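# Observations on the three-dimensional arrangement
Spelled out, the chains give:
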Amino acid sequence: MRLSRIAGLLAMLFVVSLVAACGKTEVKTTGELNPAATSLSSSDADIESGCWTAADRVKTKGDSELANPQQWSKPPEMQIDGSKKYSALVETNLGSFTIELLPSEAPLAANNFVCLARAGFYDNTPVHRIVSGFVIQGGDPTGTGSGGPGYKFNDEPVNLDYLKGTVAMANSGPNTNGSQFFVVLDNLTGKLPKNYTIFGKVTEGLDVVDAIANTPTSVGRSGEKSTPNEPIIVEKVTITES
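All values derive from a computational prediction rather than experimental measurement.

## Some words on the environment of Thr176
Mapped onto the fold, Thr176 is located in the loop between strand S8 (166-169) and strand S9 (181-184). For the pair Thr176 and Lys152, spaced 24 residues apart in sequence, the C-alpha separation works out to 5.1 Å. In this structure Thr176 touches Lys152, Phe153, Asp155 and Asn171, once residues within four positions along its chain are discounted. There is a polar contact of 2.9 Å between the side chain of Thr176 and the backbone nitrogen of Ser172. Reaching out from Thr176, the side chain makes a polar contact with the backbone oxygen of Gly173 at a distance of 2.7 Å.

This is the structure we're talking about:
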């Protein structure tokens, strides 16, 4: 009897010690990002490009000392040279396409795109909206359709038509441009009001744009059937000037 009691006690101690060990290694998450634990200052590309200064960075909520290099209080300083040509190689998980930027048509929007790309803002961001025969839309790191760079800038006159491959700024009303942009999938001349600043056109890789457009979609929170069923990611945007 005494031996069985001792064995029982030893078994209980083993179970208690096992539970305690598991408790030490378990990691729980709340689903909330702690700003102080992120590497927000890992890159100074936004400053090195001359587009912004450290003072332009928006302070991260919850930590007045930590500035976010991917949020700014104002649009970028003008950095593009009107005598040069600019293009953007957009690399996605379905392939790459090239955008010829049109600074003569929209210097503010072209400069904004160049600065955001050079800052790495567009890297690893989703194409969050796909409407067959209409547009594919990206440039929102949150993937919600409401994210942006922390500032807004004015519209510019639209002199061109919304032909297939046109790249333009998405907005939520007059003079609310930020970082989101779309690529036109068909000839929308006369179908889309000229309320969206055109700053580029796809010159290579329209087949990739079409492949993205062919991604199956579901109805999202907005009630629009435009949310991709599988992740479409802009992995990197590289600017070339000549």
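## With respect to the confidence of the model for the protein
Model confidence for the protein is summarised by a mean pLDDT of 84, while 79% of its residues fall at 70 or above. Across residues 1-42, confidence stays below pLDDT 50; counting only partners more than four residues off in sequence or on other chains, it has 14 contacts.

## Regarding the sheet that holds strand S10 (residues 198-204)
Sheet strands pair by backbone hydrogen bonding; their relative direction is either parallel or antiparallel. In space, the 9 strands of this open sheet follow the order S5-S13-S3-S4-S10-S8-S9-S7-S6, with antiparallel pairing throughout. Two strands lie at the open edges of the sheet, namely strand S5 (125-126) and strand S6 (129-131), each paired on one side alone. In terms of strand pairing, strand S3 (residues 86-92) meets strand S13 (residues 233-241) through 7 bridges, oriented antiparallel. Bridge pairing in S13 places Ser87 opposite Thr240. Along the sheet, helix H3 (residues 107-118) makes contact with S3, strand S4 (95-101), S8, S9, S10 and S13, crossing S13 at roughly 115°.

Conventions we followed
Residues numbered from 1 in each chain as written. Predicted model: local features only at pLDDT ≥ 70, side-chain atom pairs only at ≥ 80, totals over all residues. Heavy atoms only, no water. Helix = DSSP H or I, 4+ residues; strand = E, 2+ residues; numbered from the N terminus. Contact = heavy atoms within 4.5 Å. Polar contact = N/O pair within 3.5 Å; in protein donor to acceptor, adjacent residues only side chain to side chain. pLDDT = per-residue confidence, 0-100. Pairing = 2+ DSSP bridges. Axes fitted to C-alpha atoms, helices over the stretch in contact; angles between N-to-C directions.

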